Amino acid sequence: MIAAGPAAIAARVAGLALLLATPARGAERMPGLPEELAITRSIDVQDEDEFQTSLSASHLRFPHERSTTVRAGLEYGVTDRLQAIVEVPYAIRDPAGAHEVNGLEDLELGFRYALLDFRTRPLALDVGLTLSLPTGSWRKTLGAGDVSLEPNFTLSRWLGRVNGQLSFAWRRSGIGGGAEADDLEYDVALLYPWREWFLTFEGAGETKESETAYYAVPELVWKPRRHLELLVAVPVGLTAAAADYGVIAGITVEIERLTGRGEDAD
């Protein structure tokens, strides 16, 4: 039954957004937003032929383990609304009373499409699909050991000076192999822009095998230049399945007109 639930929720959110959305106001643009958030994806989608590379490191302290993950991400704007994504994570696990393990985790390939463009609408909606490939070692607990598919969406709304974002993802793992399982990920983010800074707070959760890990995540995003962004966050676990606390840091760099495609259209 859970397979129908997330699909129905996503369809209702998309329908509600389309009904409530105000018409795009010509060339007028909404205020800028961060390219990346600490836990979930920002509503931001790359412009056509724009390339973005990001590198982040997160360290989480669990009661019986310390976990560090370095994640490299590549994003490319196929069009102004369609974005291709590749993410490569590398993890180090240091469980108490056992040997440290490290290695590549599962590779993620995906895309996102802006149904309602965040650039020109106060109400915006992205939908996406992510494919995870079993490149990480299941025996070392560095990967799921099977293929998973994850439909997701992000809904954004400006509320005066504050931007609110709601994200939801449903992951079906075990496709074409072992026992299938369903995980849910959900996130609510509030962002307040101040000069070149964004004061941000996320409430992020993941439900897996009847356990929910939920975090309160205060974070700070600094955008000193148009194509450069730095982020630091401190996730604090609120449930027994979550880490006690941690720290996340990241850097994002953008390159416009990577191939020169579409220059004649300007």
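See the structure printed just above.
Residues numbered from 1 in each chain as written. Predicted model: local features only at pLDDT ≥ 70, side-chain atom pairs only at ≥ 80, totals over all residues. Heavy atoms only, no water.

A separate point is the overall build of the protein chain. Check the secondary structure of the protein chain and you find 1 helix and 14 strands. The contacts of the protein chain with a sequence gap of at least 6 include a subset with a gap of at least 24, amounting to 52%. Counting only carbon and sulfur atoms, one obtains 62% of the accessible surface of the protein chain, whose full area is about 13,900 Å². (Helix = DSSP H or I, 4+ residues; strand = E, 2+ residues; numbered from the N terminus. Contact = heavy atoms within 4.5 Å. Areas by Shrake-Rupley, 256 points an atom, 1.4 Å probe, with all protein chains shown as cover.)

To continue, consider the pattern of salt bridges. Using the criterion set out here, one finds 15 salt bridges in the structure. The salt bridge involving Lys223 is made with Glu229; its shortest N-O contact spans 3.8 Å. The burial state of Lys223 is the same as that of Glu229; both residues are buried. (Salt bridge = Lys/Arg side-chain N within 4 Å of Asp/Glu carboxyl O. Buried < 20%, exposed > 50% of the residue type's maximum accessible area, 1.4 Å probe, protein only.)

Throughout the structure, instances matching the rule amount to 2 aromatic pairs. On the basis of an interplanar angle of 15 degrees and a centroid distance of 5.4 Å, the ring pair of Trp197 and Trp222 is categorised as stacked. Highlighted residues: Trp197 in strand S10 (residues 197–208) and Trp222 in strand S11 (residues 211–225), separated in sequence by 25 residues. Accessibility expressed as a relative area gives 26% for Trp197, which makes it partly exposed. For Trp222, a relative accessible area of 31% puts it in the partly exposed group. One Lys or Arg, Arg161, reaches over the ring of Tyr192 and ends 5.3 Å from the middle of that ring. (Phe/Tyr/Trp six-rings, centres within 6.5 Å; stacked < 30°, edge-to-face > 60°. Lys NZ or Arg CZ within 6 Å of the ring centre and 35° of its normal.)

Take the environment of Glu229 next. Tracing the backbone shows Glu229 in strand S12 (residues 228–233). On the basis of relative accessibility, which here comes to 3%, the residue Glu229 falls in the buried class. Distance in space between the C-alpha atoms of Glu229 and Glu36 is 8.4 Å, their sequence separation being 193 residues. Dropping the residues within four chain positions of it, Glu229 is found in contact with Pro34, Glu35, Glu36, Val221, Trp222, Lys223, Gly250, Ile251 and Thr252. There is a polar contact of 3.1 Å between the side chain of Glu229 and the backbone nitrogen of Glu36. (Polar contact = N/O pair within 3.5 Å; in protein donor to acceptor, adjacent residues only side chain to side chain.)

With that out of the way, let us pick up the pairing of S11. Both faces of the sheet carry side chains from a regular strand, because those side chains alternate between them. Across 12 bridges, the pairing between S10 and S11 is antiparallel. Counted as the bridge partner of Lys208 is Glu211 from S11. Turn length for the S10-S11 hairpin, with the two strands adjacent in sequence and antiparallel, is 2 residues, and the turn residue Glu209 shows positive phi of about 50 degrees. Taken together, the 2 bridges between S11 and strand S13 (residues 236–237) define a ladder with antiparallel strand orientation. Its bridge partner lying in S13, Ala216 is registered against Val236. Note: S11 against S12, 5 bridges, orientation antiparallel. If you follow Val221 over to S12, its bridge partner there is Leu231. (Pairing = 2+ DSSP bridges.)

Moving on to the nonpolar core. With 12 residues, the main nonpolar core is built from Ala38, Leu60, Phe198, Ala213, Tyr215, Val217, Val221, Leu231, Ala233, Ala242, Ala243 and Ile248. At the level of elements, S11 and S12 are the ones that each hand at least two residues to this core. With 4 residues, S11 is the largest single contributor of residues to this core. Those residues in contact with Ala38, other than ones at most four positions away along the chain, are Glu202, Val217, Glu219, Leu231, Ala233 and Ile248. Membership of the second largest hydrophobic core comes to 8 residues, among which are Met30, Val45, Phe118 and Ala124. (Core = buried A, V, L, I, M, F, W, Y, C linked by side-chain atoms within 4.5 Å.)

Geometric values such as these leave the question of function open.
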